[in-house]
Amino acid sequence: MVIEVRIYIEGGGDGRNTKALIRQGFSNFLKPLVEIAKSQKIKWDITICGSRNNAFRDFRNALKSHPEAFNVLLVDAEASVTTQSPWKHLKFRDNWDAPSGVDDSHCHLMVQAMEA
């Protein structure tokens, strides 16, 4: 059973204020899911990481520091997604390998239109 959900999100640049604004936006966007989780006594944490490399690093670190949590990586696709797997896309695009024991449910891509 999941006791905690932790989402590591690309975005917000390097500034505290911009990261806080992005975090607030994602918190509002995900509010219905947060409420469902909290009603089930599941902790919820959103971390705005800045760069995509920082998001991937923070996600990998979380797999070690929070192994009991359901850790999720959310990054920009940066290109058209031509594969069926987000990890395959990130392998092709960034040469990132899915960490051991992690499947596609732990990785989500923001479509190119998000940035536009």
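Scroll up a little and you will see the structure.
A. Examining the packing of aromatic side chains more closely. Summed over the entire model, instances satisfying the criterion amount to three aromatic pairs. On the numbers, 4.2 Å between centres and 5 degrees between planes, the contact of phenylalanine 56 with tryptophan 96 is stacked. Here phenylalanine 56, found in helix 3 (residues 52-65), pairs with tryptophan 96, found in the loop between helix 4 (86-94) and strand 4 (107-110); they are 40 residues apart in sequence, far enough to count as distant. Of the two residues, phenylalanine 56 and tryptophan 96, neither departs from the other in class, the shared state being buried. Put simply, the rings of Phe56, Phe59, Trp87 and Trp96 touch in pairs and so form one group of aromatic residues.

B. Inspection of the sheet that holds strand 1 (residues 4-9) at higher detail. One open sheet accounts for four strands, arranged 2-1-3-4; its pairing is parallel. The sheet is open, and its two borders are formed by strand 2 (43-48) and strand 4, each paired with just one other strand. Averaged over all neighbouring strand pairs, the angle between strand axes comes to 20 degrees, with direction disregarded. Bridge count between strand 3 (residues 70-76) and strand 4: four bridges; the pairing is parallel. Directly across from aspartate 76, in strand 4, lies its bridge partner methionine 110. Running at roughly 140 degrees to strand 2, helix 1 (residues 16-29) makes contact with strand 1, strand 2, strand 3 and strand 4 of the sheet. This element, helix 3, spans strand 1 and strand 3 of the sheet and lies at about 170 degrees to strand 3.

C. Inspection of the packing of helix 3 against helix 4 at higher detail. The N-to-C vectors of helix 3 and helix 4 enclose an angle of 130 degrees; their axes lie 14 Å apart at closest approach. The pairing of helix 3 with helix 4 is recorded here as oblique in orientation. Here helix 3 and helix 4 pass one another in a crossing that is left-handed. Across the interface between the two elements, Arg52, Phe56 and Phe59 from helix 3 touch Trp87, Leu90, Arg93 and Asp94 from helix 4. Broken down by class, the residue content of the contact of helix 3 with helix 4 amounts to four nonpolar, no polar and three charged.

Rules used in this analysis
Residues numbered from 1 in each chain as written. Predicted model: local features only at pLDDT ≥ 70, side-chain atom pairs only at ≥ 80, totals over all residues. Heavy atoms only, no water. Phe/Tyr/Trp six-rings, centres within 6.5 Å; stacked < 30°, edge-to-face > 60°. Helix = DSSP H or I, 4+ residues; strand = E, 2+ residues; numbered from the N terminus. Buried < 20%, exposed > 50% of the residue type's maximum accessible area, 1.4 Å probe, protein only. Pairing = 2+ DSSP bridges. Axes fitted to C-alpha atoms, helices over the stretch in contact; angles between N-to-C directions. Contact = heavy atoms within 4.5 Å. Parallel < 35°, antiparallel > 145°, perpendicular 65-115°, else oblique. Left-handed = near helix turned anticlockwise from the far one by under 90°. Nonpolar A, V, L, I, M, F, W, Y, C, P; charged D, E, K, R; others polar.

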